[in-house]
Amino acid sequence: MSSGRELDKFLLINELARRRGFFWQSFEIYGGVGGFVTYGPLGTQLKLNIESKIRDIFVKKLGILEIESSIVTPGKVFEASGHVNNFKESMVECADCGKRFRADYLINEKLGISLLDIEKMSLSEIKKIIKKNKLECLDCKANLKEPTQFLTMFKTTIGPYSGATGYGRPEAAQNIFVEFNRLYKMAREKLPFGVIQIGHALRNEISPRQGLIRLREFTIADLEFFFDPEKAESNFISEIENEILPILLAEKRKKGKEETSNFTVQEALDKKVVCSEWQIFFMVMAQKLLLEIGIPVEKQRFIEKLPWEKAHYATQCFDQEVYVDRWGWIEVSGHAYRTDYDLSSHMKATGADFRIFKELEKPIKKIQYFVKPKMDLIGPKFKEKTAEIINTISKTPAKDIIESFEKKGYYMIGDKKISENQVEVTQQKNIVRGKRFIPHVVEPSFGVDRLFYVALEYALKNKDNRTILSFPRSIAPIQIGVFPLVNKDGLNEKAKEISALLRTEDLLVEFDDAGSIGRRYARADEAGVPLCLTIDYRTMIDDTVTIRDRDLWKQVRVATNDLPRLLDDYFKGKITFEDFGDFIKSK
RNA sequence: GCGGUGGUAGUUCAGCUGGUAGAACGUCUCGUUGCCAACGAGAAGGUCGCCGGUUCGAGUCCGGUCCACCGCUCCA
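Treat the numbers as computed from the prediction; the structure is a model and nothing was measured. (Residues numbered from 1 in each chain as written. Chains lettered and ligands numbered in written order. Predicted model: local features only at pLDDT ≥ 70, side-chain atom pairs only at ≥ 80, totals over all residues. Heavy atoms only, no water.)

## Some details on the overall build of chain A
Tallying secondary structure elements over chain A gives 22 helices and 28 strands in all. Here the C-alpha radius of gyration of chain A, 32 Å, is well above what a compact globule of 587 residues would show, namely 25 Å. For chain A, the proportion of its 587 residues judged to be buried stands at 46%. Total accessible area computed for chain A in this model is approximately 31,000 Å², and 49% of it derives from carbon and sulfur atoms. Measuring between centres, the 92 positive side-chain charges of chain A sit 4 Å from its 86 negative side-chain charges. (Helix = DSSP H or I, 4+ residues; strand = E, 2+ residues; numbered from the N terminus. Rg over C-alpha atoms; globule rule 2.2 N^0.38 Å. Buried < 20%, exposed > 50% of the residue type's maximum accessible area, 1.4 Å probe, protein only. Areas by Shrake-Rupley, 256 points an atom, 1.4 Å probe, with all protein chains shown as cover. Lys, Arg positive; Asp, Glu negative; His and termini not counted. Charge placed at Lys NZ, Arg CZ, Asp CG, Glu CD.)

Take a look at the structure:
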């Protein structure tokens, strides 16, 4: 091609998506705004189907609880969660050439301070460092302006009197954490349990590019799975222990290597490649989800995040990536071990108690000691110091004081000596039945728009110069096309009748009588319709129709009466096209 | 935010040195049509991204602005 760049799949998909109504950039009549997308009729249905795959795997099969909550969130929530501090970048601008740099990269490169340490610095500390070391523009060596910060959360005020700050949520997870106590009750106060939320999130990206891959408003599916860190075993491990996960390890990445290693679940756990059983369980589920929307396993991988790449809340973090034509590997889901970071943060900020009471298997009998000052002796002796001394005694563990008595015969508070006879030591037998702890969390988090994009890209096929979207049948936005072979002799009416019949069977049906039959097949292929029924003259005689398969371009003949049952089985994945009957011989 | 390229019909694009918009495909109507983008006749669709300037006259020249793509940057 003379112009240089060939048509890649990204371009093909965007063109097809606009033309056929999968998605397009929003607000086009106002010139368009980057980072916002409108899903058309076909796209909306496809996205719904992908979301129901997520619900299928997590909500229906695993009993994860689903909630739906608000996007606008009081500022305090994201202050407590650490997002207000972490969802921002310090930038410096050259006073001369206007070029912008990330302050942390600049300091790291020039002074060798680690990115992790820089992240902890405040804006004023960064300012000081730049001044002190006289850092200058990497390009033209001119002076730098004062560093500024970008907050990548959308900020607003709640209510008309500009009182309270609100943020558009940059993730759906916090809605789950703040409702923990109620949700725990709904899980019948048993660990482990999980909660999922699928909904919009907002991130005010500096430069949203790459179509559906980076949006300012997007759909996220956050699943928070709560478990007891002392009882972190997953009861599903035996079912998945031989599943294989391709993982690109952080140590390889540090050396600049790109090779993934295949681990069975068991190996990954044994070698501590993945620290949490639940985390690896959800990684396997994520791999399965992607497979079901049409991404082959060999086009998927997990990469371990490097320390400075990890979110502020995560200890161990993997990204699930899919290989795409234009950019290579892109992230479609994140798998973070968030520990008790979020629940603890909200406890500290609000005083709510998110601890869970755990009964011990065997109650522990404990003897508890109490040291009670004899006021009639201590008061007269220490006079104005008395208050301080009895205060100290009540705060000091009784055990320490008693030990001191045993060893030395007295206990020192400052320069005051307390002797055993100035206090009364009592003991009480207690039975400890349990303890309180904060659950740990692993979080799989899916970018639904990215799943949508990769599903489209992997469905995209070309056959005889025709574009085909070869969706797995369970996510196809239209399930069946119904066509009259010709528009006369009552075939059209019969076809409409059959469409109506199939619609009552809960199938997504499209009737089409425009143009030639071949054109209609082509149109259906491009919309990813798996099966097309054609009503012909024989239908009028023996009430049978032909069914044509999108990928094989083969046909079978089936009695109209059998359609509901066969199609139901087909779309539930119980039978394949071959099970419909013998192929009609092509002329 | 910076640099490069671009923005014309639903889609992909053409439009030379300024003279009030074209093609292909798609869509719709009628006819035709017995299974993989057939054919014939006809029709609808664009204030050429937006704002301003130069000019008798601007899709075309100039300035600004918005948006997209590529490269930096960003992507917690």
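Next comes the rest of the write-up.
## Section: the side chain of Thr-544
On the secondary structure map, Thr-544 appears in strand β27 (residues 544-549). For Thr-544, a relative accessible area of 10% corresponds to the buried category. For Thr-544, the residues in contact, after removing those within four places along its chain, are Asp-536, Arg-538, Thr-539, Arg-557, Val-558, Ala-559 and Thr-560. (Contact = heavy atoms within 4.5 Å.)

## Notes on the protein's contact with RNA strand B
Residues in contact with RNA strand B amount to 49 residues; listed here are only the nearest, Phe-87, Arg-102, Arg-214, Arg-326 and Arg-523. Sugar plus phosphate, as a fraction of atoms of RNA strand B within 4 Å of the protein: 57%. Within the side chain of Gln-25, an N or O atom sits 3.2 Å from a sugar or linking oxygen of RNA strand B. Contact between RNA strand B and Asn-487: a base oxygen at 3.1 Å from a main-chain N or O atom of the residue. Those elements that provide at least two residues to the surface near RNA strand B are α1 (9-20), β6 (100-102), α20 (517-527) and β27. The leading source of residues in the surface near RNA strand B is α20, at six residues. When grouped by side-chain class, the residues that make up the surface near RNA strand B number twelve nonpolar, 16 polar and 21 charged. (Near = heavy atom within 4 Å. Polar contact = N/O pair within 3.5 Å; in protein donor to acceptor, adjacent residues only side chain to side chain. Nonpolar A, V, L, I, M, F, W, Y, C, P; charged D, E, K, R; others polar.)

## Regarding the pairing of strand β19 (residues 416-419)
For strand β18 (residues 410-413) and β19, the ladder comprises four bridges, and the chain directions are antiparallel. When the bridges of β19 are listed, Tyr-411 appears paired with Ile-418. In this antiparallel pair of consecutive strands, β18 and β19, the connection spans two residues, and Gly-414 shows a positive phi of 65°. (Pairing = 2+ DSSP bridges.)

## Here we look at the pairing of strand β23 (residues 466-469)
Both faces of the sheet carry side chains from a regular strand, because those side chains alternate between them. Bridge count for strand β22 (residues 460-463) against β23 is four bridges, and the pairing is antiparallel. When the bridges of β23 are listed, Leu-460 appears paired with Leu-469. Linking β22 back to β23 in an antiparallel pair, the connection comprises two residues, with Asp-464 at a positive phi of about 50°.

## Here's the deal with the environment of Val-322
With respect to the helices and strands, the residue Val-322 is situated in strand β15 (residues 316-324). Exposure remark for Val-322: the relative accessible area of 0% places this residue in the buried category. As a C-alpha pair, Val-322 and Lys-47 span 275 residues in sequence and 18 Å in three-dimensional space. Here Val-322 is in contact with Leu-290, Ile-295, Lys-299, Gly-328, Trp-329, Ile-330, Val-332, Val-454 and Tyr-458, once residues within four sequence places are set aside.

## Points about the sheet that holds strand β9 (residues 164-168)
If you walk across this open sheet you meet the three strands as β4-β9-β8, and the pairing is antiparallel. Looking at strand neighbours, the two that pair on one side only are β4 (72-74) and β8 (155-158), the edges of this open sheet. Averaged over neighbouring strand pairs, the angle between their axes works out to 45° when direction is ignored. Pairing of β4 with β9 involves three bridges; the strand directions are antiparallel. Its bridge partner lying in β9, Pro-74 is registered against Gly-166. (Axes fitted to C-alpha atoms, helices over the stretch in contact; angles between N-to-C directions.)

## Re the pattern of salt bridges
By the definition in use, this model includes 29 salt bridges. A salt bridge links Lys-358 to Glu-230, with the nearest nitrogen and oxygen atoms 2.9 Å apart. Taken together, the positions of Lys-358 in strand β17 (residues 356-373) and Glu-230 in the loop between β11 (217-227) and α10 (237-240) put the pair 128 residues apart, joining distant regions of the chain. Judged by relative accessible area, Lys-358 falls into the buried class, the value being 18%. Notably, a salt bridge pairs Lys-572 with Asp-568, separated by 3.2 Å at the nearest N-O pair. On the basis of relative accessibility, which here comes to 34%, the residue Asp-568 falls in the partly exposed class. Because the salt bridges share partners, they merge into one network encompassing Glu-15, Arg-19, Arg-20 and Glu-526. (Salt bridge = Lys/Arg side-chain N within 4 Å of Asp/Glu carboxyl O.)

## Some details on the nonpolar core
Membership of the largest hydrophobic core comes to 80 residues, with the highest contact counts inside it found for Phe-22 and Phe-58. Here this core takes ten residues from helix α13 (residues 277-292), the largest share from any one element. Those residues within four positions of Phe-58 in sequence are excluded, and the remaining contacts are Gly-63, Ile-64, Ile-196, Leu-223, Phe-282, Met-285 and Phe-446. Judged by nonpolar contacts, the second largest core, of 23 residues, contains Ile-498, Ile-535, Leu-563 and Phe-571. (Core = buried A, V, L, I, M, F, W, Y, C linked by side-chain atoms within 4.5 Å.)

## Some points on a nonpolar patch on the surface
A grouping of Phe-27, Ile-29, Tyr-30 and Val-33 is seen on the molecular surface, where their side chains present a nonpolar patch of about 530 Å² in accessible area. You can see Tyr-30 is positioned in the loop between β1 (23-25) and β2 (37-39). (Patch = residues over 30% accessible without salt bridge, like charges linked within 9 Å, V, L, I, M, F, W, Y side chains within 5 Å.)

## Describing the confidence of the model for chain A
Of all residues in chain A, 94% attain a pLDDT of 70 or more, and the chain-wide mean is 87. With pTM at 0.86, the complex prediction returns an ipTM value of 0.88. (pLDDT = per-residue confidence, 0-100.)

## Focus: the packing of helix α5 (residues 103-111) against helix α7 (residues 123-132)
Across the interface, α5 lies against α7 with an axial gap of 11 Å and an inter-helix angle of 40°. What the angle tells us is that α5 and α7 run oblique. Along this stretch, α5 crosses α7, giving a crossing that reads as left-handed. Where α5 abuts α7, its residues Ala-103, Ile-107 and Leu-111 lie against Ile-126, Ile-129 and Ile-130. (Parallel < 35°, antiparallel > 145°, perpendicular 65-115°, else oblique. Left-handed = near helix turned anticlockwise from the far one by under 90°.)

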